[in-house]
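Notes for the structure review
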Amino acid sequence: MERKKMAHAIGLIAWGYLFLYFNLNLGSLNLIPSWVGYLLMGKAIKELKEASPAMGLLGPLCILLAALELWFWALTLIGINSQHYLLQLLSLLLAVAALYFHFQLLTNLVEALGRAGETWRKELLNLRTVRTVLAAVMALPVLWKEHFAVTVILAIAGVLVGISISAVLFWIRNALFKSLCPAEEKE
């Protein structure tokens, strides 16, 4: 796979993680919705199929996650409370699907980077593991409002991991762009 295409796809994933980890609300409207992050990642998955065939298998799941996030975003926008038990069950299923998706996305990305001879794979694997553990803990059926201090610590850790994943991905993207030979830059 050409480096320019891989760099572009990695940049899309990095931006996708920023959309997933940052919320900017105007009333009930989230101006940085998670579903946009999944759309960006879906586009990157299409571009990375060549570098990692297993990556292509994540495409349908990414579309499903984007659709579910869009649905929850729209429900919040129109003021529907997500406390109904069916919506909570759907939220739990979304959390489980997202847990698998992100674990596999970062694993496949590390595989593709390894084939391309790139560095920072170990850091990305470590961040993937920490992200997976944090997401699994937060998906537990615990009344997090009753454990405010723990919730705040886990939330801060989650945001720091998300920022770190994005930072490493942006660093890899920039390194790939810098390593382009003059012929590839002109394309």
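Residues numbered from 1 in each chain as written. Predicted model: local features only at pLDDT ≥ 70, side-chain atom pairs only at ≥ 80, totals over all residues. Heavy atoms only, no water.

**Details of the packing of helix α1 (residues 3–21) against helix α6 (residues 148–178)**
Put simply, the rule is: Here the axes come from fitting lines to C-alpha atoms, over the contacting stretch only for helices, and the angles between their N-to-C directions go from 0 to 180 degrees. A run of H or I in DSSP becomes a helix once it reaches four residues, and a run of E becomes a strand once it reaches two; helices and strands are each numbered from the N terminus. Angular relationships are summarised with four words: roughly parallel below 35 degrees, roughly antiparallel beyond 145, roughly perpendicular across 65 to 115, and oblique for the angles in between. Handedness of a crossing is defined here by the sense of rotation of the near helix relative to the far one, left-handed for an anticlockwise turn of less than a right angle and right-handed for a clockwise turn. The residue classification treats Ala, Val, Leu, Ile, Met, Phe, Trp, Tyr, Cys and Pro as nonpolar and Asp, Glu, Lys and Arg as charged. All others, Gly included, are polar.
α6 packs onto α1 with a crossing angle of 165 degrees between their chain directions and a minimal axis gap of 8 Å. Considering the angle they form, α1 stands roughly antiparallel to α6. Where α1 crosses over α6, the handedness of that crossing is left-handed. Split by residue class, the contact of α1 with α6 holds 16 nonpolar, five polar and three charged.

**Quick look at the pattern of salt bridges**
For the record, the criterion: Definition used for salt bridges: Asp or Glu carboxyl oxygen within 4 Å of a side-chain nitrogen of Lys or Arg. Think of it in three bands: residues with accessible area under 20% of the maximum for their type are buried, residues over 50% are exposed, and the middle band is partly exposed, with areas taken using a 1.4 Å probe on protein chains only.
Taken as a whole, this structure holds three salt bridges when the rule is applied. For K43, the salt bridge goes to E47, with nearest N and O atoms at 3.7 Å. Highlighted residues: K43 and E47, both in helix α2 (residues 34–48), separated by four residues, approximately one helical turn. The partly exposed category is assigned to K43, whose relative accessible area is 44%. The shortest N-O distance in the salt bridge between R115 and E111 comes to 2.5 Å. With a gap of four residues between them, R115 and E111 both fall in helix α4 (residues 85–115), about one helical turn apart. Classification of R115 by relative accessible area gives exposed; the value is 54%.

**Observations regarding a nonpolar patch on the surface**
Rules: Patch building starts from residues that exceed 30% relative accessible area and form no salt bridge, then joins like charges within 9 Å and nonpolar side chains (Val, Leu, Ile, Met, Phe, Trp, Tyr) within 5 Å. Here the accessible surface of atoms and residues is derived via Shrake-Rupley with a 1.4 Å probe, and residues count as covered only by protein chains that are part of the display.
Together, F22, F148, V152, I156, V159, L160 and I163 line one region of the surface with nonpolar side chains, adding up to about 610 Å² of accessible area. Relative to the assigned elements, I163 resides in helix α6. Here I163 falls in the partly exposed class, since its relative accessible area comes to 36%.

**Section: the nonpolar core**
Note the following rule: What we call a nonpolar core is a set of buried Ala, Val, Leu, Ile, Met, Phe, Trp, Tyr and Cys residues that are connected through their side-chain atoms within 4.5 Å. Contacts are assigned to residue pairs that have any heavy atoms within 4.5 Å of one another.
Residues Y17, Y38, F101, L105, L109, L124 and L169 are the most contacted members of the largest nonpolar core, which totals 49 residues. Looking at this core, the elements that each hand over two or more residues are α1, α2, α3 (59–77), α4, α5 (121–139) and α6. Leave out the neighbours within four places in its chain, and Y38 touches L20, C62, L65, A66, E69, A98, F101 and H102.

**Section: the packing of aromatic side chains**
The line we're drawing: Here a Phe, Tyr or Trp ring, Trp counted by its six-membered ring, pairs with any other such ring whose centre lies within 6.5 Å, and the pair is stacked when the planes are under 30 degrees apart, edge-to-face when over 60, and tilted otherwise.
Counted by the stated rule, this structure contains five aromatic pairs. Residues W15 and F170 carry aromatic rings whose centres are separated by 5.3 Å and whose planes lie at 75 degrees to one another, so their mutual orientation is edge-to-face. Of this pair, W15 sits in helix α1 while F170 sits in helix α6, placing them 155 residues apart in sequence. Here W15 falls in the partly exposed class, since its relative accessible area comes to 43%.

**Description of the packing of α2 against α3**
In contact at an axis separation of 8 Å, α2 and α3 are set at 165 degrees when each is read in the N-to-C sense. In terms of axis orientation, α2 runs roughly antiparallel to α3. As α2 packs across α3, the resulting crossing turns out to be left-handed. For the pair α2 and α3, the contacting residues are S34, W35, Y38, L39, M41, G42 and I45 in the first and G59, C62, L65, A66, E69, L70 and W73 in the second. Taken together, the residues of the contact of α2 with α3 break down into ten nonpolar, three polar and one charged.

**Considerations on the environment of L31**
Following the sequence through the fold, L31 ends up in the loop between β2 (29–30) and α2. Taking relative accessible area as the criterion, L31 reaches 43% and is therefore assigned partly exposed. Residues L31 and I80 lie 49 residues apart in sequence; the distance between their C-alpha atoms is 18 Å.

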